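One letter stands for each residue in the lines below.
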Amino acid sequence: MKSIKNTPFYHEAIQELNYPYGNFYLFETFIVGEINKDVVFTWEDHAKAVVEEISNLYDQNGKDLVYITNRISPYSVVPSDWIHFFKYSYSLKGYGVVSYDQKGVLNTMLEKLFLRSKLQSFNTLEDAISWARKLTKPKENAA
């Protein structure tokens, strides 16, 4: 389990957003979030502010972005709060979860009920970032 700060990817981040409940590292086409230990991550208390700030910074609703949560610390997500995310017309190209233990894997399975096909699970941050880059790579037009 390592923070993105301790990887070569950290130097590629174009911006870092720090909140009392976690840090978010913004890249050209993806975002890596690291939520602090024991946070119960909810729409009203956490996600809404992050989504609004990121939407303004990227000047879009997320349709071309991938979000990766790097679960280096144990925290909880209120899965039903994903409904708020969709209600406000925010979308993502993909949602990656990097889990390092069995509890994280179980949480990911629950979240997958709400996100269906957009959610991918990973054992390493490197694999998740590789997936995000492939997912957001511009398609070449066939001539």
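Before any of the text, the structure's been laid out above.
Residues numbered from 1 in each chain as written. Predicted model: local features only at pLDDT ≥ 70, side-chain atom pairs only at ≥ 80, totals over all residues. Heavy atoms only, no water.

**Student:** Explain helix α1 (residues 43-58) to me, please; I cannot follow it from the model alone.
**Tutor:** Turn by turn, an α-helix covers 3.6 residues, leaving residues three or four places apart pointing in a common direction. When α1 is considered as a whole, its buried residues turn out to be W43, H46, A47, V50, V51, I54, S55 and Y58. All buried residues of α1 fall inside an arc of 135 degrees around its axis, so they share one side. Those residues of α1 that are exposed and aimed more than 90 degrees away from the buried face are E44, D45 and N56. Its side-chain oxygen placed 3.1 Å from the backbone nitrogen of D45, T42 serves as the N-cap of α1. Just past α1, the residue D59 takes up positive phi, approximately 55 degrees. (Buried < 20%, exposed > 50% of the residue type's maximum accessible area, 1.4 Å probe, protein only. Helix = DSSP H or I, 4+ residues; strand = E, 2+ residues; numbered from the N terminus. Arc of directions from axis to C-beta. Polar contact = N/O pair within 3.5 Å; in protein donor to acceptor, adjacent residues only side chain to side chain.)

**Student:** Mind showing me how you'd approach unusual backbone geometry here?
**Tutor:** What you tend to see is this: most non-glycine residues have negative phi, and most peptide bonds are trans. Of note, the phi angle at D38 is positive, near 65 degrees, even though the residue is not glycine. Along the polypeptide, D38 turns up in the loop between β3 (30-35) and β4 (40-41).

**Student:** Explain the environment of I35 to me, please; I cannot follow it from the model alone.
**Tutor:** Tracing the sequence through the fold places I35 in strand β3. You can call I35 buried: its relative accessible area is 3%. Residues I35 and N23, spaced 12 residues apart in sequence, show a C-alpha to C-alpha distance of 6.4 Å. Among residues more than four places away in sequence, those in contact with I35 are Y21, G22, F24, F41, S73 and Y75. (Contact = heavy atoms within 4.5 Å.)

**Student:** Explain the environment of D101 here, please?
**Tutor:** Considering the arrangement of structural elements, one finds D101 in the loop between β7 (94-98) and α3 (102-115). Once the C-alpha coordinates of D101 and P74 are considered, the two residues, 27 residues apart in sequence, prove to be 9.3 Å apart.

**Student:** What am I meant to see in the pairing of β7 here?
**Tutor:** Counting buried positions over the 5 residues of β7 gives 5, a clear majority of the element. Here β7 shows two buried faces, one formed by G94, G96 and V98 and the other by Y95 and V97. Note that strand β5 (residues 66-70) and β7 share 5 bridges and pair parallel. Residue N70 lies in a different strand from β7, and its bridge partner there is V98. Bridge count for β7 against strand β8 (residues 119-122) is 4 bridges, and the pairing is parallel. When the sheet's bridge partners are listed, V98 is paired in β8 with F122. (Pairing = 2+ DSSP bridges.)

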